[in-house]
Amino acid sequence: MAVPSYLQPFVLTLPEHPRRREGTIDIYSPGPDPHPVVVLVHGGPVPPDLPVAPRDWPMFAGYGALLAGQGLLAVTVAHRLHSPAAYADAAADVADAVQRARALPEADPERVALWFFSGGGLLAADWLREPPPWLRCLALTYPLLAAPDGWGVDPRFSPVDAVADAGALPVLLTRAGREAPEVAAGVTAFTEAADRHDIRVEVIDVPNGQHSFDILDHTDESRAAVERAALWVGESVRR
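Scope of this entry: the structure provided in the associated data block.

Things to note about the sheet that holds strand S4 (residues 73–77)
Two pairing modes exist for strands in a sheet, parallel and antiparallel, and in both the strands are linked by backbone hydrogen bonds. Pairing is mixed in the open sheet, where eight strands are placed in the order S1-S2-S4-S3-S5-S6-S7-S8. What marks the edges here is a single partner per strand, and that holds for strand S1 (20–22) and strand S8 (201–210). Shown here is a sheet whose adjacent strand axes are inclined to one another by a mean of 20°, direction ignored. In the sheet, strand S5 (residues 107–117) pairs with strand S6 (residues 135–141) via six bridges, with the strands oriented parallel. Paired with valine 112 across the two strands is leucine 135, which belongs to S6. On top of the sheet, helix H2 (residues 87–102) reaches S1, strand S2 (25–28), strand S3 (35–41), S4 and S5; it is set at about 150° to S5, its chief contact. The sheet contacts of helix H5 (residues 181–196) involve S6, strand S7 (171–178) and S8, and relative to S7 the element is tilted by about 145°.

What follows is the structure, given as structure tokens:
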């Protein structure tokens, strides 16, 4: 039986890092001292009965190990993005997870990064619109930034509109050159909106990458993009 795409191995080969599960969050800790926090937000919509939940996918274990290896406290979140109508539920789950992550004994609550993937990109809108002072940066990887026609998503979840209010918040966008047209259109609208409002967005291009290049395209280009993004997040969250 073919392995589902979401269970393909992470593009980087890394030593397995231990994690601990506390309710809806999984924690990849580099040690007991206070460390900057990176909260990883998966995409979707994902069926609620999927045999392997996103935080158990190899890619998120990989990102957790990668960030912990850089001395960052990585946290993955289980959220309820099971349909286009569930973005408000998922947003509440993410906000709760961020609060819990900041309260961890090994967390520096004043240095937090949020990293959104794929369909989770729409959840970035709240944080772009009103970034709290402890949010040091926000990263987006092959993100959905405009809801597709027919989804009926609450306009609240529009990063294209929200980026105007991001101010000085450092934002990283990793975009795939072989992206699906409906996703690519939202990415273009987002960068154009950022330009109009003088919001600086750092861009990492993966010209030959497809959506989910970090598990589907095992190339030097993909590996370099993932490593560069992780370094950017680490440097930004420590400022």
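There's more to say after this.
Some details on the packing of aromatic side chains
As enumerated under the stated definition, the model contains eleven aromatic pairs in all. Summarising the aromatic geometry, the rings of tryptophan 57 and phenylalanine 60 are spaced 6.3 Å apart at their centres and angled 35° between planes, so their arrangement reads as tilted. Each member of the pair tryptophan 57 and phenylalanine 60 is classed as buried. An aromatic cluster is built from Tyr6, Phe10, Trp57, Phe60, Tyr63, Trp115, Phe117, Tyr142 and Phe213, whose rings are joined through pairwise contacts.

Looking at the pairing of S8
Working note: regular strand, side chains alternate between the two faces of the sheet. Of the pairings in the sheet, the one linking S7 to S8 comprises seven bridges and is parallel in character. Residue valine 171 lies in a different strand from S8, and its bridge partner there is valine 201. Crossover handedness for the path S7 to H5 to S8: right-handed.

Quick look at the side chain of histidine 79
The topology assignment puts histidine 79 in the loop between S4 and H2. From its side chain, histidine 79 meets the backbone oxygen of histidine 42 in a polar contact 3.0 Å long. Those residues within four positions of histidine 79 in sequence are excluded, and the remaining contacts are Val41, His42, Gly43, Ala90, Asp93, Val94 and Leu123.

Quick word on the pattern of salt bridges
Scanning the entire structure with this criterion turns up 16 salt bridges. Among the ionic pairs, aspartate 26 bridges to arginine 55, the shortest N-O distance being 2.9 Å. One end of the pair, aspartate 26, is in strand S2; the other, arginine 55, is in the loop between S3 and helix H1 (58–69), with 29 residues separating them in the sequence. Considered together, aspartate 26 and arginine 55 belong to a single accessibility category, that of buried residues.

Brief notes about unusual backbone geometry
Across the junction of glycine 44 and proline 45, the peptide omega takes the value 5°, indicating a cis bond. Take proline 45: it is sitting in the loop between S3 and H1. Positive phi outside glycine occurs at tyrosine 142, with the angle close to 30°. As for its position among the elements, tyrosine 142 is in the loop between S6 and helix H4 (159–162). Residue class for tyrosine 142 comes out buried when judged on its relative accessible area of 2%. Although it is not a glycine, serine 212 sits at a positive phi angle of roughly 70°. With respect to the element layout, serine 212 can be found in the loop between S8 and helix H6 (213–216).

Reading the values: rules and limits
- Residues numbered from 1 in each chain as written.
- Predicted model: local features only at pLDDT ≥ 70, side-chain atom pairs only at ≥ 80, totals over all residues.
- Heavy atoms only, no water.
- Pairing = 2+ DSSP bridges.
- Helix = DSSP H or I, 4+ residues; strand = E, 2+ residues; numbered from the N terminus.
- Axes fitted to C-alpha atoms, helices over the stretch in contact; angles between N-to-C directions.
- Contact = heavy atoms within 4.5 Å.
- Phe/Tyr/Trp six-rings, centres within 6.5 Å; stacked < 30°, edge-to-face > 60°.
- Buried < 20%, exposed > 50% of the residue type's maximum accessible area, 1.4 Å probe, protein only.
- Right-handed = clockwise from strand over helix to strand, strands pointing away.
- Polar contact = N/O pair within 3.5 Å; in protein donor to acceptor, adjacent residues only side chain to side chain.
- Salt bridge = Lys/Arg side-chain N within 4 Å of Asp/Glu carboxyl O.

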